[in-house]
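# Analysis of the macromolecular model
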Amino acid sequence: MTTTVESTKNHLMIGGMDTVKLAEQFGTPLIAYDTQDIVRQVKAFQQTFANHRIDGIVSYASKAFCVKGIYQLLAPLGVHADVVSAGEMATAFAAGFPASRLSFHGNNKSVDELTMALDHHLGTIIVDNFVELHLLQRLLQERDETIAIQIRVTPGVSAHTHQYIQTGQVDSKFGFDIGSGQADQALTEALADDHLEVRGVHAHIGSQIFESTGFVMAAEKLIELLTHWHEAFGYSAQVLNIGGGFGIKYVEGDDPQSPEDQLDTVLTTIEARLGNHHLEMPEIWIEPGRSLVGPAGINLYRVGANKRVPGLLPYVAVDGGMGDNIRPALYQAAYEPVLANHVEDSSKETIHIVGKYCESGDILVNEATLPVTKTGDVIALLATGAYGYSMASNYNRNPRPAVIFIDHKHASVVVRRETNRDILALDEDFKKSAAEAR
Ligand SMILES: Cc1ncc(COP(=O)(O)O)c(C=O)c1O
Ligand SMILES: N[C@@H](CCCC[NH3+])C(=O)O
């Protein structure tokens, strides 16, 4: 449990520290993570693999939250990570994360990005399509180098989740299609190229998945594919990568099967199906993003203005909003709010918690029932650790918040708060350049 309530002061605590004091010390909006919550979930995944005596790799999906600090937290735990851009790669390198434990994902990797990956001898490229495959082959041939790859396929499984975050169905921009023979073609071409070490197969079926059924179906499909590849091409995979997507609880009423329980069920299926087909157990990879960092993070805001119209729910505005958390506006995502400086009170009211951005849709929590709030109060949203800071923007030229890690009751800034100077850093002086051109 990341957050608790301190009973004398009635304050919300994270990782044993008072959120009201953190808000004062570091300013708001503020994103705070309980590092030990992340560590605990990594260990729960690793323990599940160990219980099955399966060689398992936990490869953190960096897109959920990508800053140097997270790589530095995860590296000593033996975790791998996947990156999807030069920027994520550069962040991992800057943090000292071993390149051999990075895999490179993406449906449109550029020449420059693939070159960067090869220059740094990345552990794995997860090949997504034929254009990329052929580009990679050309680059490797020019350099006369080899690299390990996994072949990403679309298993034809739609996870039961928001349509924008489903990826495993056949009609998807990601991965080689199985049914039309594309995946076979990709394998054949890759096996024929000495510059590629084909380690195995990858699939990712979606995100925020609450129960293991989709994973089980995808794993069954992948094992069918591996059986076919074994029979048709004599190919034995060393890696079976089932992607990420383990769901988390955001609000009361969300009741996901725990990520490690979902994994446990999938591993049991994999063991049984491989046995039926007399295939050796490959290394099993998972790519959790949200489940590692989501529950560990909270956002802290300070209450400013409010608007009260008789007969309507009050609007209570905080000093952040869609710039630091786009998920409510983008996916109608729901979050649990807490009045951090006065958690419990018998008198409560229902309000809209809104941000400060110039969009009517900038609503962080549509109907929140909280103790009555006043200007200067601190509101926390819980479980904001995934896809919050990583999808943050400078809309309305607002600076992005600071991010802190709470580690054994010590708070460290892992990303400093942006300033107007940071925001202006990329702007060029058009007036000057136009005058020079004349
Ligand atoms: C290929 C791949 N792996 C892993 C993830 C991480 O997903 P999640 O954060 O839901 O665990 C994603 C994002 O959905 C992804 O596209
Ligand atoms: N950004 C999404 C998840 C996308 C997963 C990326 N493959 C979210 O906030 O829920």
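Being a predicted model, the structure only gives us computed values, none of them experimental.

### Examining the overall build of the protein
Looking only at helices and strands, the protein has 13 helices and 21 strands in total. Against the globule reference of 22 Å for 438 residues, the protein gives a C-alpha radius of gyration of 24 Å, in line with a compact fold. Counting only C-alpha atoms, the protein reaches 70 × 70 × 40 Å along its principal axes. When the 438 residues of the protein are sorted by exposure, 56% land in the buried category. The long-range fraction of contacts in the protein, counting pairs at least 24 apart against all pairs at least 6 apart in sequence, stands at 69%. Here the protein displays about 19200 Å² of accessible surface, and carbon together with sulfur accounts for 50% of that area.

### A look at the nonpolar core
Tyr60, Phe65, Ile70, Leu136, Ile149, Ile270 and Val293 are the most contacted members of the largest nonpolar core, which has 88 residues in total. It is helix 8 (residues 213–233) that contributes the most residues to this core, nine residues altogether. The residues contacting Phe65, other than those within four sequence positions of it, are Tyr33, Tyr60, Ile70, Val293, Gly385, Tyr389, Ser390, Val403 and Phe405.

### Observations concerning the environment of Arg40
In this fold, Arg40 is placed in helix 2 (residues 35–51). Looking at Arg40, the relative accessible area reads 44%, which means it is partly exposed. In this structure, the C-alpha to C-alpha distance between Arg40 and Ala296, residues 256 residues apart in sequence, is 10.0 Å.

### Quick word on the pairing of strand 6 (residues 80–83)
Moving residue by residue along a regular strand, the side chains alternate between the two faces of the sheet. Residue alternation in strand 6 divides its side chains into two sets, His80 and Asp82 and Ala81 and Val83, and both sets are buried. As defined by bridge partners, strand 5 (residues 56–61) adjoins strand 6 across three bridges and the pair is classed as parallel. Note on strand 6: the bridge partner recorded for Ser59 is His80. Tracing the backbone out of strand 5, into helix 3 (residues 68–74) and back to the parallel element strand 6 gives a crossover that is right-handed. On the question of chirality, the crossover connecting strand 6 to the parallel strand 7 (residues 102–104) by way of helix 4 (residues 86–94) is right-handed.

### Side note on the UniProt feature "modified residue: N6-(pyridoxal phosphate)lysine" (unreviewed entry) in the protein
On the UniProt side, "modified residue: N6-(pyridoxal phosphate)lysine" (unreviewed entry) is annotated at positions that read Lys63 here. If you trace the backbone, Lys63 turns up in the loop between strand 5 and helix 3. Excluding residues within four positions of it along the chain, Lys63 makes contact with Asp82, Val84, Glu88, Tyr387 and Ser390.

### Things to note about empty space enclosed by the protein
Empty space among the atoms becomes apparent when a probe as large as a water molecule is rolled across them. Enumeration over the complete set of coordinates arrives at one cavity of 30 Å³ or more. As a volume, the largest cavity reaches approximately 30 Å³. Every residue along the wall of the largest cavity is listed here: Ala203, Ile205, Phe215, Ala218, Leu222 and Ile242. Broken down by class, the residue content of the lining of the largest cavity amounts to six nonpolar, no polar and no charged.

### A word on the site of ligand 1
Contacts to ligand 1 come from 14 residues, most closely from His204, Ser207, Glu287, Arg290 and Tyr387. One of the side-chain N or O atoms of Lys63 is found 3.1 Å from an oxygen atom in ligand 1. Between ligand 1 and the protein, one listed contact pairs an oxygen atom with a backbone N or O atom of Gly245 at 2.8 Å. When the free accessible area of ligand 1 is taken as 390 Å², the share hidden by the protein chains comes to 93%. When grouped by side-chain class, the residues that make up the shell around ligand 1 number three nonpolar, seven polar and four charged.

### Re the site of ligand 2
Close to ligand 2 lie seven residues, the nearest being Arg290, Arg327, Tyr331, Tyr387 and Met391. Interatomic distance of 2.8 Å between a side-chain N/O atom of Arg290 and an oxygen atom of ligand 2. Relative to its unbound accessible area of 310 Å², ligand 2 is 84% covered by the protein chains. For the shell around ligand 2, the residue count by class is four nonpolar, no polar and three charged.

### Thoughts on the side chain of Thr28
Relative to the assigned elements, Thr28 resides in the loop between helix 1 (19–26) and strand 4 (30–34). Within the structure, the side chain of Thr28 is placed 2.5 Å from the side chain of Asp319, a separation counted as a polar contact. When neighbours within four sequence positions are excluded, Thr28 is seen to be in contact with Ala23, Leu300, Tyr301, Arg302, Asp319 and Arg417.

What counts, and at which threshold
Residues numbered from 1 in each chain as written. Chains lettered and ligands numbered in written order. Predicted model: local features only at pLDDT ≥ 70, side-chain atom pairs only at ≥ 80, totals over all residues. Heavy atoms only, no water. Helix = DSSP H or I, 4+ residues; strand = E, 2+ residues; numbered from the N terminus. Rg over C-alpha atoms; globule rule 2.2 N^0.38 Å. Buried < 20%, exposed > 50% of the residue type's maximum accessible area, 1.4 Å probe, protein only. Contact = heavy atoms within 4.5 Å. Areas by Shrake-Rupley, 256 points an atom, 1.4 Å probe, with all protein chains shown as cover. Core = buried A, V, L, I, M, F, W, Y, C linked by side-chain atoms within 4.5 Å. Pairing = 2+ DSSP bridges. Right-handed = clockwise from strand over helix to strand, strands pointing away. UniProt positions renumbered as here; feature names shortened; annotations may be inferred. 1 Å grid on protein atoms, 1.4 Å probe; cavity = no way out; pocket = protein on both sides within 12 Å on 5 of 7 lines; lining within 4 Å. Points joined across faces, edges and corners; volume = space filled by probe spheres on them. Nonpolar A, V, L, I, M, F, W, Y, C, P; charged D, E, K, R; others polar. Near = heavy atom within 4 Å. Polar contact = N/O pair within 3.5 Å; in protein donor to acceptor, adjacent residues only side chain to side chain.

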